[in-house]
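Notes for the structure review
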Amino acid sequence: MNPPEHPRALHAQGKMLLAINPAASFGRSQGEGDRAAGWFRAAGWVVVVLEADDYESLEALVREALSAGTVDALVVAGGDGMVHLGVNALAGLDVPLGIIPTGTGNDVARLLGLPLNRPAEACHRILDALHAGGRRIDVGRVRAGGRITYFAGVLSAGFDAAVNERANSWRWPRGKSRYNLAMLRELGSFRRTEYRVVADDVRWTQRALLISVANGQSIGGGMRITPDALPDDGWLDLFVVKPLSRLRFLSIFPKVFAGKHTGRPEVEIRRVRTVRLEAEGVVAYADGERIAPLPLDVDVLPLVLRVLA
């Protein structure tokens, strides 16, 4: 495939970090990382490719490279986990984030309207956005267990997080089917949870199957749990699924992909700026990555992240 063309390809542009997740489909495609680096270099960018055998080592490499000198952009290649890595590495820095979405979920990339699993088109979009300046989006900030973590998409605490926990413990199958199988397995044993919730200083007890705090619209590779959420409006969407039978859950589940579930009596969505969640035995995930057991506090940081989209 031909490299993306760009009108400023003959001019020196700056320094870019390109972080590649070896566990995502991009990393498994031999030579794709080199091709992406070549496209950016042809557009005049100095490109430093960062690769590691595991997520934690790659995270350390990215932080080290960002602290070593001037960087004009960080581009991550992979799924939502790589976006999560980039968001947290760039916290407090005025460095834009580019995304080459080649994972199995890609919910943040879907939110931003990026081309999925088409690296050449994604690189072209990044080059155009570098020229135009990109756009700013909100970020969710999580305080839990003495740590601060950031997310761009959705934080979930309940059934969805339990599905992630189960799926991450399996080596097979790979891809989206592992998530769907883990969901069916978890559905057989999951019990509703009693949460203690504080949202914008309003306090209540909530029995629920799932509670999510969303900056984005979807989880699990396109399940549009909060279809009206916007990443740049200064709000988070608190999504609650009240207790329901397994049969009722299975009847509602297909509607989620089209965002047609929001009128159901078991579903509640409210716009908030701060949320505290407490519950026993519940672990929260954000952008598909494990965060911490509850309790936790979430708030929104408006327009703090510049994305190349």
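Here we summarise the structure given alongside this text. Bear in mind the structure is a predicted one, so any value in this text is a computation, not a measurement.

Considerations on the packing of aromatic side chains
With the rule as written, the count across this model stands at zero aromatic pairs. A cation sits over an aromatic face here: arginine 270 above tryptophan 204, 4.3 Å from the ring centre. Over the ring of tryptophan 235 we find arginine 273; its NZ or CZ atom is 3.7 Å from the centre of that ring.

Describing the packing of helix α2 (residues 32–42) against helix α6 (residues 119–132)
Packing of α2 against α6 brings their axes to within 10 Å, and their N-to-C directions diverge by 30 degrees. Classified by the angle their axes make, α2 and α6 are roughly parallel. By crossing handedness, the relation of α2 to α6 is classed as right-handed. Touching Glu32, Ala36, Trp39 and Phe40 of α2 are Pro119, Ala120, Cys123, Ile126 and Leu127, all from α6. A breakdown of the residues in the contact of α2 with α6 according to their chemical character gives eight nonpolar, no polar and one charged.

Description of the layout of surface pockets
Empty space within the second largest pocket amounts to approximately 240 Å³. Taken together, 15 residues form the lining of the second largest pocket, with Glu59, His84, Asn88, Arg147 and Thr149 sitting closest to its centre. Residues belonging to the lining of the second largest pocket are distributed by class as follows: six nonpolar, three polar and six charged.

Here's the deal with the sheet that holds strand β10 (residues 210–214)
If you walk across this open sheet you meet the six strands as β12-β11-β10-β7-β14-β15, and the pairing is antiparallel. The strands lining the two open edges of the sheet, one partner per strand, are β12 (267–272) and β15 (289–293). Recorded for the sheet is a direction-independent mean angle of 20 degrees between the axes of neighbouring strands. Examined bridge by bridge, strand β11 (residues 236–241) and β12 share six bridges and lie antiparallel to one another. In the strand pairing of β12, leucine 238 is matched with arginine 270.

Notes on empty space enclosed by the protein
With the rule as written, the count across this model stands at one cavity of 30 Å³ or more. By volume, the largest cavity is sized at about 230 Å³. Leu210, Val241, Phe249, Phe253 and Val256 are the residues nearest the centre of the largest cavity, which is lined by 18 residues in total. Secondary structure elements with two or more residues in the lining of the largest cavity: α7 (159–168), α8 (176–187), β11 and α9 (246–256). By residue number, the principal contributor to the lining of the largest cavity is α9, which donates four residues. Counted by class, the lining of the largest cavity contains 16 nonpolar, one polar and one charged residues.

Concerning a nonpolar patch on the surface
Side chains of Leu181, Leu184 and Leu250 sit close together on the surface and give an oily, nonpolar patch of about 260 Å² of accessible area. Tracing the sequence through the fold places leucine 181 in helix α8. Its relative accessible area of 40% is what places leucine 181 among the partly exposed residues.

Thoughts on the side chain of arginine 141
Within the element layout of this structure, arginine 141 appears in strand β5 (residues 135–144). For arginine 141, a relative accessible area of 18% puts it in the buried group. At 2.7 Å, the side chain of arginine 141 and the side chain of aspartate 299 are in polar contact. Residues contacting arginine 141, with those up to four places away along its chain left out, are Ile148, Thr149, Tyr150, Phe151, Asp297, Val298, Asp299 and Leu301.

A short note on the pattern of salt bridges
Counted by the stated rule, this structure contains 16 salt bridges. Between lysine 242 and glutamate 268 there is a salt bridge, and its shortest N-O distance comes to 3.8 Å. Of the two residues, lysine 242 sits in the loop between β11 and α9 while glutamate 268 sits in strand β12, which places them 26 residues apart along the sequence. A relative accessible area of 22% means that glutamate 268 is categorised as partly exposed. In this structure, the salt-bridge partner of arginine 276 is glutamate 278, at a minimum N-O distance of 2.7 Å. A relative accessible area of 26% places arginine 276 in the partly exposed class. Residue classification places glutamate 278 among the partly exposed positions, given a relative accessible area of 22%. One connected set of salt bridges, linked through shared partners, spans Arg196, Arg276, Glu278, Glu280 and Asp297.

Cut-off values and rules
- Residues numbered from 1 in each chain as written.
- Predicted model: local features only at pLDDT ≥ 70, side-chain atom pairs only at ≥ 80, totals over all residues.
- Heavy atoms only, no water.
- Phe/Tyr/Trp six-rings, centres within 6.5 Å; stacked < 30°, edge-to-face > 60°.
- Lys NZ or Arg CZ within 6 Å of the ring centre and 35° of its normal.
- Axes fitted to C-alpha atoms, helices over the stretch in contact; angles between N-to-C directions.
- Helix = DSSP H or I, 4+ residues; strand = E, 2+ residues; numbered from the N terminus.
- Parallel < 35°, antiparallel > 145°, perpendicular 65-115°, else oblique.
- Left-handed = near helix turned anticlockwise from the far one by under 90°.
- Contact = heavy atoms within 4.5 Å.
- Nonpolar A, V, L, I, M, F, W, Y, C, P; charged D, E, K, R; others polar.
- 1 Å grid on protein atoms, 1.4 Å probe; cavity = no way out; pocket = protein on both sides within 12 Å on 5 of 7 lines; lining within 4 Å.
- Points joined across faces, edges and corners; volume = space filled by probe spheres on them.
- Pairing = 2+ DSSP bridges.
- Patch = residues over 30% accessible without salt bridge, like charges linked within 9 Å, V, L, I, M, F, W, Y side chains within 5 Å.
- Areas by Shrake-Rupley, 256 points an atom, 1.4 Å probe, with all protein chains shown as cover.
- Salt bridge = Lys/Arg side-chain N within 4 Å of Asp/Glu carboxyl O.
- Buried < 20%, exposed > 50% of the residue type's maximum accessible area, 1.4 Å probe, protein only.
- Polar contact = N/O pair within 3.5 Å; in protein donor to acceptor, adjacent residues only side chain to side chain.

Fair warning: the whole summary comes from geometry, so function is off the table for now.
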